[in-house]
Amino acid sequence: MISLIRQSKACHRASASLLKTRAFPVSAIKPTIRFNSTVSSSSSGLIKPAGTTKPVNENELGKVLAETIRSQGPLSLAAFMRECLTNPAGGYYINKDPFGKSGDFITSPEISQMFGELVGIWVLTQWMLQNKPPAVRLIEFGPGRGTLMSDMLRSARPFKQFENAIKEVYFVEASPTLRKAQHKLICGTNELVHDKATGVYSSKSLYNGTPVFWVEDAKILPQKSSDKEEFANYIIAHEFFDALPIYQFEKVADEPGVSTKLPSQRPASWREFVVDYCVPKPTELESSILLPNQSIVKASAKNGGKLDKNDKPVFQLGLAPSWTVPARIIPKTHPRYDALPIGAKVEICPDAWEITEQMAQRIDGTKGGVLVVDYGPSDTIPVNSLRGIKDHKLVNPFENPGEADLSTDVDFQAIKVAAMQARPNDVAVYGPVEQGDWLHTMGIGARATMLANTQTTEEGKKRVEQAYNRLVERGGGAMGKLYKVMAIVPKGQGKPVGFGGDI
Ligand SMILES: C[S@@+](CC[C@H](N)C(=O)[O-])C[C@H]1O[C@@H](n2cnc3c(N)ncnc32)[C@H](O)[C@@H]1O
């Protein structure tokens, strides 16, 4: 089957092989400043804030965030991340194309066409397993430049019955800039129409003229069927979940002010890490270590004073001094958090639950499927994984809001729980399995050989080999091991291909 895939002109994208992906080893992340908002210096981890933070007049989003914190108090990490990533004025994804050599990072579909083709083949195998439903809707969350979908659609070409069954393509995309890039790649010069009433954009693809739609919110995606046809929804989310905002919590022994009991007798509770800012004096920014009696942290909510245009607000993550509403509610939503000991830290992404529910609801009793590819631990809860990425380097995620990509490890087990809770009788979840294993099962070896054989130069052959290695290698935190693949499919169908199943 793999051998039927034809080579496209864009035969490789691996020349950027030295570029970094978004999944860096957590150990490489620069620690953020810890403080407690009583400004005591009990925190042993105080380190020098990065001195490159811009004055407020050079970073509008930073200014807005600092003013918000000044008037309302520290922000949830999730709120801070959401603004940094998708604020309509200055959010990271809104106005820029972050991919490739001139961008900030590179992803698997941008490394090689093989990746998107094999995702396309996975969808084809699902469709065949499900007795070839006549109407297929392909849905992609966070499609970036549209490269993966373009490679998927091209890989469907040799399978005419399947290609003809693809009746609609949907993208869930928050970025107007990337929506334009996706439209150009998938639809060429076909008109992009905006329905102001629904907010949905639409066009026609270069592949059979298939209608293509863009929505910003998963809730707007059509449910299972249209007026005329029962659609099988096949949903792809590659490096999407890691871009969603998270909360961080720590389990503590006591809750001051609530109980009069001795600390050892008080019930454990969760405390939230929140984002505050301070305005260090320039000389203090230059000292490398902040000693206990030299604390420069002026918790902004208590600071009262307005920011001058040359002020450099330094955003910081710290443990809230007492309970917050998210800390009371979010970690209580599942026993896996409650079971953790005092001192445990967790990252929780409620947006991922909500989106998984939306995905699971679009799987019919017998058709459809979801493929999630991302990085994160297979079976533990992520901890301290927030990272900022700019110019292919790790940066402080709290510096210059909106200018760096922010991402976190994905909690695959939370996705599994969310899917099973949403549709306990109708869906089954498989994986996560390592990307390298999954790609090998899908036939990347044969595909790479074929692609290399079509290259006319040694350099071309080498590029295919490098791209192949990059996608599957497992050593030293390489993509083949770091990235994982998970599938949500109709319960009765059995194991999908790539997860121990066959067709
Ligand atoms: C890291 S990129 C991954 C792109 C692509 N899947 C790839 O692998 O090349 C994240 C994508 O998700 C989109 N995105 C981020 N947050 C989003 C949100 N809350 N809703 C919809 N799209 C979002 C970004 O605009 C971007 O297209």
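Residues numbered from 1 in each chain as written. Predicted model: local features only at pLDDT ≥ 70, side-chain atom pairs only at ≥ 80, totals over all residues.

Per an unreviewed UniProt entry, the protein carries the name Protein arginine methyltransferase NDUFAF7 and comes from Geotrichum candidum. Heading Sequence similarities (unreviewed entry) of the UniProt record for the protein holds this comment: "Belongs to the NDUFAF7 family." What UniProt states about the protein under its Catalytic activity (unreviewed entry) heading is, verbatim, "L-arginyl-[protein] + 2 S-adenosyl-L-methionine = N(omega),N(omega)'-dimethyl-L-arginyl-[protein] + 2 S-adenosyl-L-homocysteine + 2 H(+)". (UniProt positions renumbered as here; feature names shortened; annotations may be inferred.)

Peer 1: For this particular structure, what's the right way to read the sheet that holds strand β16 (residues 427-434)?
Peer 2: Hydrogen bonds between backbone groups are what pair the strands of a sheet, and the pairing can be parallel or antiparallel. Spatially, the 9 strands line up as an open sheet ordered β4-β5-β6-β3-β2-β7-β12-β17-β16, and their pairing is mixed. Two strands close off the open sheet at either side, each with one partner strand: β4 (193-194) and β16. When strand β7 (residues 232-238) meets strand β12 (residues 369-375), the two strands line up parallel, connected through 5 bridges. Paired with Ile 235 across the two strands is Val 370, which belongs to β12. Running over the sheet, helix α4 (residues 113-129) touches β2 (136-141), β7, β12 and β17 (483-490) and is turned about 155 degrees from β7. Helix α7 (residues 176-187) rests against β3 (166-172), β5 (201-204) and β6 (211-215) of the sheet, and its axis sits at about 20 degrees to β5. (Pairing = 2+ DSSP bridges. Helix = DSSP H or I, 4+ residues; strand = E, 2+ residues; numbered from the N terminus. Contact = placed C-beta atoms within 7 Å. Axes fitted to C-alpha atoms, helices over the stretch in contact; angles between N-to-C directions.)

Peer 1: Explanation requested: the sheet that holds strand β13 (residues 387-390) in the structure shown.
Peer 2: Strand order in the open sheet formed by 3 strands is β14-β13-β15, and the pairing between neighbours is antiparallel. Of all strands in the sheet, those bounded by a partner on one side alone are β14 (393-395) and β15 (405-407). When strand polarity is set aside, the average angle formed by the axes of neighbouring strands in this sheet is 40 degrees. The pairing of β13 with β14 spans 3 bridges and is classified as antiparallel. Opposite Lys 390, over in β14, you have Lys 393 as the bridge partner.

Peer 1: Sorry if this is basic, but what is going on with unusual backbone geometry here?
Peer 2: Trans is the prevailing form of peptide bonds, just as negative phi is the prevailing case for residues other than glycine. Look at the link from Gly 431 to Pro 432: it is a cis peptide, with omega at 10 degrees. Within the fold, Pro 432 resides in strand β16.

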